[in-house]
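Secondary and tertiary structure notes
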Amino acid sequence: MEILHMIFIAPFLDMVALPDLFFQGLWDGFVGGTLYALLALGFVLIFKASGVFNFSQPILMVLAALALVSFYEMGINPWISVALVLLLMYALAYGVERVILRNLVNQDGNILFMSTIGLTFVIIGAAQWIFGGVPRSMIHAELGFPVGSSEWPMFGGAVYFEHIDISAVVLASSLIAILAVFFSKTKIGRGLRAVADDHQAALSVGISLNQIWVIVWFVAGIVALVGGLFWGARSDVSFALQIIGLKALPVLIIGGFTSVPGAIIGGLIIGLGEKIFEIYWGPMMGGSVEGWFAYVIALVFLLFKPQGLFGEKIIERV
Amino acid sequence: MKKHIIGAAVALGTLISTVSMSFAEELLVPHLTYRVGPFAANGTMGANAITDYFTMLNERDGGIGGLKVNPEECETGYNAQKGVECYESYRGKNPLMHIPNSTGITLQLLQKAPEDEVPIFTMGYGLSAAAKGETFPWAFNYPASYWSQMTSILSYIDSETGLKGKKIAFLYLDGGYGREPLPLLDKLEPKMGFETVRIPVAFADSQNQGSQWLTIRKEKPDWVIMWGWGVMNITAVKEAAKTRFPLDRFIGNWWSGGHVDVEALGMKAKGYKASNFTPAGRDFPVVQDVIKHVVSKGLTKTEPDMPGKVLYNRSLFMAVVMAEAIIEAQKLTGKANVTGADVRKGFEMIKLDEARLKELGFEGFTPVIGSCADHEGQGSIFVQQWNGKDWEKITDFIPPMTDIVQPLLTEAADTYKSDKPGWKTQNCS
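Per chain, residues are indexed from 1 in the order of the written sequence. All chains are assigned letters beginning at A, and all ligands numbers beginning at 1, according to the order in which they are written. At least 70 in pLDDT is required for a residue's local features to be given in this predicted model, at least 80 for side-chain atom pairs to be given and counted, and no such filter applies to totals for whole chains, interfaces and linings, which use all residues. Side-chain numbers here rest on the full set of heavy atoms in the structure, without hydrogens or water.

1. Looking at the overall build of chain A
The test is simple: Secondary structure elements are defined from DSSP: runs of H or I of at least 4 residues count as helices, runs of E of at least 2 residues count as strands, and each element is numbered from the N terminus. Every radius of gyration here is taken over C-alpha atoms, with the globule rule written as 2.2 Å times N^0.38, N being the number of residues. Whether a residue is buried, partly exposed or exposed follows from its accessible area with a 1.4 Å probe, protein chains only, as a fraction of its type maximum: under 20%, in between, or over 50%, in that order.
Each helix and strand counted, chain A has 14 helices and two strands in total. Taken against the 2.2 N^0.38 rule, which gives 20 Å for 318 residues, the C-alpha radius of gyration of chain A at 21 Å falls within 12% of a compact globule. Once the C-alpha set of chain A is aligned to its principal axes, its extents read approximately 65 × 60 × 35 Å. When the 318 residues of chain A are sorted by exposure, 54% land in the buried category.

Here you go:
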């Protein structure tokens, strides 16, 4: 009886007793969810273009963040540092297309997947060699993003809003919206969808596979930079950031590997779900439940919607 | 054909004699490192400091007892399986000791040490019960176990606000290292009249601790004690500030109080506290010697501003304890080319008192006095506080609650032994 009370009654009583805490949880979950959506978007773009789960997306985020901070530490203006990182991301996209993708066109998806694992370790080694392993501080303040926080008094308590979190939500949402429009309404976007469906068919109608791949990897690099900027601001800029990148996996399972709206909805479900579950049900289970709870949600979706909420239904005729 | 066989035999003989010569000509001190992976920042500094100290001894003194020291590294990435592989790779090479540099790896190696007769030294980490030398003849965790450290921290809290009736949130990295003090807290809570709220942080959530700190906000503890490592520390301090938790009521253990954990935050981390047993600073004669003989000569991977930082000095201190064990072993056996079994005895004979620490250039560090029965030294800690720019020592040395910890360590050691039939112990009476 007590256990039923702990599961079905006590958490809701806590929510009512401390509404400010509940709203703080919702806000934190929303911010986290938005950033998860951004992480997932990087995976989605490349999956759409090449049908491969890009294992190197998290390390791209680390590379972008480390490069940004390092350029700045060399005395370069912060916004010129951003431009240099974008240049670096473009060079990387071009290199990946020339060295890896071009040689693996029409190969099995597993081979492409393995190549992204290899790429991950190459980037780790190179980045550590160039930038070293010492954690750095993100330069969000130097870039003009607001720092500090605001309080919203509520029911005798308060909800705290970090200004950098507000910036993260605004910028990440804008980027997601722009990309959603770009890939659904433009010629490149249609080309991307054609490539995702069938490499050979896309080639036969004159779509340049190589060009699409470079564009998509570059855009994934931009997404990685924005993700690295805000996740780096929340803790620090180090190789440990790549762990957070893998949080995109349950988001992708929920939203589907090929859907931009799916990444958004999936991110918010995970962000809000794990936060509220950890605060109100976590202590009952010994805490630290949000890591696996995200996968529980994903598993439930897998059972009922194997392609995710917005994933493309695969029909194979025998 | 016969010529070939003779030639091969000569070559093999030469090889064997060369290998034997190499055993005789150096003191092999392998240490497991993690220069890559999520904890690379901390691991790199520790690895550099250990190597730097032995390089300094080689440069300044010609090694130890006339033999050069080879502080060979093996990279684990902080992964227990790789740690075991590293350990196995030193079989037959006469390593004088093993330095796992990870509690997870230590737990794996503890069982192998008695069979291979090579001591394991885990300064400030590892299994607390290894403090009991009779049960763990081959393991040493000078200068204090995690359990001793926890009682020193509780003593400090008691002296500040009193402990009875207080609620303490224990925020810990969810793994072997972070869980290590839990059995102690189970015993101490009813005995000392305080309450704990245990809040684990999964490794994957080290940078994403919003939920944990909302739980802390919900629970309203009087103090937060942290057993964190790597990026978990800096994230926790950031979240504490964000949650408006008073930072002077937030105290980390000695692995949560490095420069790397707060330097990037600057004034935002002002007030945060941590325990320590190795003071920061570049004025110590030993640090100056390392700078003069190693860093200035470019014989290291250490960046020039690293010597003097908390974690760098800690690893220097780790290296001096290792060196003292070798010196004691050489004194005991009367030979320079000692073995792991000799060094084990050397560890038990260590007498790093204040006079010896001063002689070695470590004045102000925690003394380490070893014995057959006591492999932790029951060392004291002090509390340091971040002033926005640097760590400041704010207390004298705080001894552990020996009367409380020692029986619990004995109980834990006995439990460990009872789970391992045929476990090799020693008699210290």
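2. Some points on a nonpolar patch on the surface
In plain terms, the rule: The patches reported here contain residues having more than 30% relative accessible area and no salt bridge. Joining distances are 9 Å for like charges and 5 Å for nonpolar side chains (Val, Leu, Ile, Met, Phe, Trp, Tyr). What sets the accessible areas is the Shrake-Rupley method with a 1.4 Å probe; for residues, cover comes only from the shown protein chains. We define a salt bridge as a side-chain nitrogen of Lys or Arg found within 4 Å of a carboxyl oxygen belonging to Asp or Glu.
A cluster of nonpolar side chains, contributed by Met1, Ile3, Leu4, Phe8, Ile9 and Leu13 of chain A, occupies part of the molecular surface with about 680 Å² of accessible area. A per-element tally of the nonpolar patch places helix H1 (residues 2-8) of chain A first, with three residues.

3. Some remarks on the interface of chain A and chain B
The criterion, for reference: Between two residues, a contact is recorded if the distance between any of their heavy atoms is within 4.5 Å. We define buried area as the total accessible area lost by two parts upon association, computed with a 1.4 Å probe and summed across both. Polar contacts here mean pairs of N or O atoms no more than 3.5 Å apart (in protein, one a potential hydrogen donor and the other a potential acceptor; neighbouring residues in sequence count only if both atoms are side-chain atoms).
Listed by partner, the interface residues are 43 residues for chain A and 33 residues for chain B. Regarding the contact of chain A and chain B, the summed buried area is about 3,100 Å², with carbon and sulfur atoms giving 51% of it. Where chain A meets chain B, there are five salt bridges. With a shortest N-O distance of 3.2 Å, Lys247 of chain A and Asp205 of chain B are connected by a salt bridge. Applying the counting criterion to the chain A and chain B interface returns 14 residue pairs in polar contact (both at pLDDT 80 or more).

4. Things to note about helix H2 (residues 40-61) of chain B
Given 3.6 residues per turn, any residue in an α-helix points the same way as the ones three and four places further on. Residue and element names in this part refer to chain B. Formally: The span you would expect from a helix comes to 1.5 Å times its residue count less one.
For H2, built from 22 residues, the straight-helix expectation of 32 Å at 1.5 Å per residue is met to within 8% by its first-to-last C-alpha distance of 31 Å. Of all 22 residues making up H2, 18 are buried, and the element is well covered by its neighbours. One or two residues past the end of H2 sits Gly62, with phi positive at roughly 75°.

5. What about the layout of surface pockets?
What counts, and what does not: The distinction between a cavity and a pocket rests on a 1 Å grid over the protein atoms alone: a 1.4 Å probe fits inside a cavity but cannot get out, while a pocket stays open yet meets protein on both sides within 12 Å along at least five of seven lines, and a residue with an atom within 4 Å of a point counts as lining. Grid points are joined across faces, edges and corners, and a volume is the space filled by probe spheres set on the points. Classes in brief: Ala, Val, Leu, Ile, Met, Phe, Trp, Tyr, Cys and Pro nonpolar; Asp, Glu, Lys and Arg charged; the others, Gly included, polar. Where each domain starts and ends comes from a domain assignment, either automatic or drawn from a database.
Here the largest pocket is characterised by a volume of approximately 900 Å³. Forming the boundary of the largest pocket are 31 residues, of which Gly37, Pro38, Gly77, Asn79 and Phe203 of chain B lie nearest the centre. Broken down by secondary-structure element, the contributors of at least two residues to the lining of the largest pocket are helix H6 (109-131) and helix H11 (241-245) of chain A together with helix H3 (80-89), helix H4 (103-109) and helix H7 (176-179) of chain B. Tallied by class, residues from the lining of the largest pocket come to 16 nonpolar, 12 polar and three charged. Taken domain by domain, the makeup of the lining of the largest pocket includes at least three residues from each of domain 1 (2-144 + 281-382 + 408-418) and domain 2 (146-276) of chain B.

6. Some details on the nonpolar core
We count it as follows: We define the nonpolar core as a collection of buried residues of types Ala, Val, Leu, Ile, Met, Phe, Trp, Tyr and Cys that are connected through side-chain atoms lying within 4.5 Å of one another.
Counting 120 residues, the largest nonpolar core has Tyr53, Phe54 and Phe250 of chain B as the members making the most contacts within it. Tallying contributions element by element places helix H13 (residues 310-333) of chain B first for this core, with 14 residues. Each of domain 1 (2-144 + 281-382 + 408-418) and domain 2 (146-276) of chain B gives at least three residues to this core. Discounting chain neighbours no more than four positions away, the residues touching Phe54 of chain B are Val29, Ile64, Val69, Pro71, Ala319, Met322 and Ala323 of chain B. If you look at the next biggest cluster of nonpolar residues, it comprises 104 residues, including Ile164, Ile207, Val214 and Val219 of chain A.

7. A closer look at the domain arrangement of chain B
Residue and element names in this part refer to chain B. What the domain assignment lists for chain B is domain 1 (2-144 + 281-382 + 408-418) and domain 2 (146-276). Computed from C-alpha coordinates alone, the two centres of domain 1 and domain 2 are separated by 29 Å. On the domain 2 side, the residues contacting the 26 residues of domain 1 number 25 residues. Between domain 1 and domain 2, the buried area comes to about 2,500 Å², and carbon and sulfur atoms account for 64% of it. For the pair domain 1 and domain 2, the number of links is two salt bridges. Note that Lys187 and Glu411 form a salt bridge whose closest N and O atoms lie 2.9 Å from each other.

8. Section: the packing of helix H3 (residues 19-50) of chain A against helix H7 (residues 163-185) of chain A
Residue and element names in this part refer to chain A. Here is the rule we go by: All axes here are fitted lines through C-alpha atoms, helices being fitted over the stretch that makes contact, and every angle between N-to-C directions spans 0 to 180 degrees. For a crossing to be left-handed, the near helix must be turned anticlockwise from the far one by less than a right angle; the clockwise case is right-handed.
Contact pair H3 / H7: the axes reach a minimum separation of 10 Å and the direction vectors enclose 35°. Relative to H7, the crossing made by H3 is left-handed. Facing H3, whose interface residues are Trp27, Phe30, Val31, Thr34, Leu35, Ala37, Leu38, Leu41 and Leu45, H7 presents Asp165, Ile166, Ala168, Val169, Ala172, Ser173, Leu175, Ile176, Leu179 and Phe183. Partitioned by chemical class, the residues of the contact of H3 with H7 number 16 nonpolar, two polar and one charged.

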